[in-house]
Each structure stands twice: as structure tokens, then as C-alpha cells.
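Structure assessment
Chain by chain, the residues run as shown.
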Amino acid sequence: GLYLRIDLERLQCLNESREGSGRGVFKPWEERSDRSKFVESDADEELLFNIPFTGNVKLKGIIIMGEDDDSHPSEMRLYKNIPQMSFDDTEREPDQTFSLNRDLTGELEYATKISRFSNVYHLSIHISKNFGADTTKVFYIGLRGEWTELRRHEVTICNYEASANPADHRVHQVTPQTHFIS
């Protein structure tokens, strides 16, 4: 999984009822059944996770685990590379949308379109609906894929000539010679 590649310090969850609880649903696969850590939405059923990675990710799949009632998420919308995304930004077209089934064991994986999620440094997950409850509850979110280290390219300063300076391009006289092959 990509759990160790998430920058948990900078991860945000908008509309969480308990400050910082959104971070707790990103945990190792082995701990997915720990139901003491969960996030519940506050004002309505929507949740928005802003997930920065420590490098570039090729996202292949997502697991989302909820409660066995109507608070389980029913729709998930993914957006890539929009840091600091807000609920206003969810009006735009998502990179991929999933209709979710209830998953209580964390074993149902939703496959992403790899061509669309091959160079991701920031992922936003918008939980837009649940199965009808006032609030949404999530116990575990698992991300599967490949990670590559982020390479920062320094700025390169280049000078281009508008017109050639003949002094920079000296050409030694070339005498043409003819060779006969017999």
C-alpha cells in the first residue's frame, strides 16, 4: 500500500466532526479493522480528504470501509493534483467517480483508471453521498499503487542569441579535395 508515502502531517479532512480524526483512517492494512479510529462528517454527509504524497504515485486502487448502516459512503469522487482543494472546487468534473457498495471488512477494492492517475503528487477524495444518513462515517481508506521519488528540477538560466555573432562561430577554411577510387 501507499500508507507510508502519504504526508500525514499535511493531510487535511474538511467537514470532520472531530479535529484531526480524518488522518486516523489512513492506517496500515493490518490495522484496518481497528474501529476506534474513524472520521464522521459534521454539518452534512460530505467529507473531503486532501492527501499529499511524499513523491509521485501511480494510483491503482482504493479501498473505503464504513459502518453497516446508512452512514456508509455511497459515492466517491477523485481529483488529482489540486492542493488545498475546497468544497467549492468539487463543482468541477472529477477525474473518476465511483458508486460504492457497503464494505465492512476493507477488502473491496475500486480500480482507478491508471492512465489518468499515473503521475499523482496530491489526491483529493470527495465523499459526496452516503446511503441516506445525516452524517457519513469512514473507518479505513487504503490506497494501492506505485511510488517514485519526487525529483525537483532547479531553474536553469539559458541565454539565447537573437542573431549569431560571427566571432563566436569561426570556421576554418575548408579546401575541397577530390579522391578517385579505382
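Now for a quick tour of the structure. (Residues numbered from 1 in each chain as written. Predicted model: local features only at pLDDT ≥ 70, side-chain atom pairs only at ≥ 80, totals over all residues. Heavy atoms only, no water.)

**A word on the pattern of salt bridges**
- Enumeration according to the criterion identifies eight salt bridges in this entry.
- Residues K137 and E67 are paired through a salt bridge, measuring 3.9 Å at the closest nitrogen-oxygen approach. Pair noted here: K137 is in strand 8 (residues 137–149) and E67 is in the loop between strand 3 (47–66) and strand 4 (73–80), with a separation of 70 residues, a long-range link.
- The network of salt bridges with common partners includes R35, E67 and K137. (Salt bridge = Lys/Arg side-chain N within 4 Å of Asp/Glu carboxyl O. Helix = DSSP H or I, 4+ residues; strand = E, 2+ residues; numbered from the N terminus.)

**Remarks on the environment of L11**
- On the secondary structure map, L11 appears in the segment before strand 1 (12–14).
- For L11, a relative accessible area of 4% gives the class buried. (Buried < 20%, exposed > 50% of the residue type's maximum accessible area, 1.4 Å probe, protein only.)

**Brief notes about unusual backbone geometry**
- Positive phi, normally seen in glycine, also occurs at N15, with a value near 70 degrees.
- Note that N15 resides in the loop between strand 1 and strand 2 (39–40).
- Despite not being glycine, N81 has its phi angle at roughly 55 degrees, a positive value.
- Checked against the element boundaries, N81 lands in the loop between strand 4 and strand 5 (96–99).
- The partly exposed category is assigned to N81, whose relative accessible area is 21%.

**Here's the deal with the nonpolar core**
- Of all hydrophobic cores here, the largest spans 28 residues; its most connected members are F49, I51, M76, L123, I125, I141 and L143.
- Sorting the residues of this core by element identifies strand 3, strand 4, strand 7 (120–130) and strand 8 as the ones contributing at least two each.
- In terms of residues, this core owes the most to one element, strand 3, which gives eight residues.
- When near neighbours in sequence (up to four residues on either side) are disregarded, I51 contacts I6, L11, F26, Y121, H122, L123, I125 and L143. (Core = buried A, V, L, I, M, F, W, Y, C linked by side-chain atoms within 4.5 Å. Contact = heavy atoms within 4.5 Å.)

**Quick notes on the pairing of strand 7**
- Of all the eleven residues making up strand 7, nine are buried; the element is thus mostly covered by neighbouring parts of the structure.
- Two strands pair when backbone bridges link them, and strand 4 and strand 7 are joined in this way by seven bridges, in the antiparallel orientation. Across the sheet, residue M76 finds its bridge partner in strand 7, namely I127. (Pairing = 2+ DSSP bridges.)

**Focus: the side chain of S124**
- Mapped onto the secondary structure, S124 falls in strand 7.
- Polar side-chain contacts of S124 include one of 2.8 Å to the side chain of N50.
- Not counting the four nearest positions on each side in its chain, S124 is found in contact with L48, F49, N50, R77, L78, Y79, I82 and M85. (Polar contact = N/O pair within 3.5 Å; in protein donor to acceptor, adjacent residues only side chain to side chain.)

Bear in mind that shape data such as this cannot, by itself, settle questions of function.
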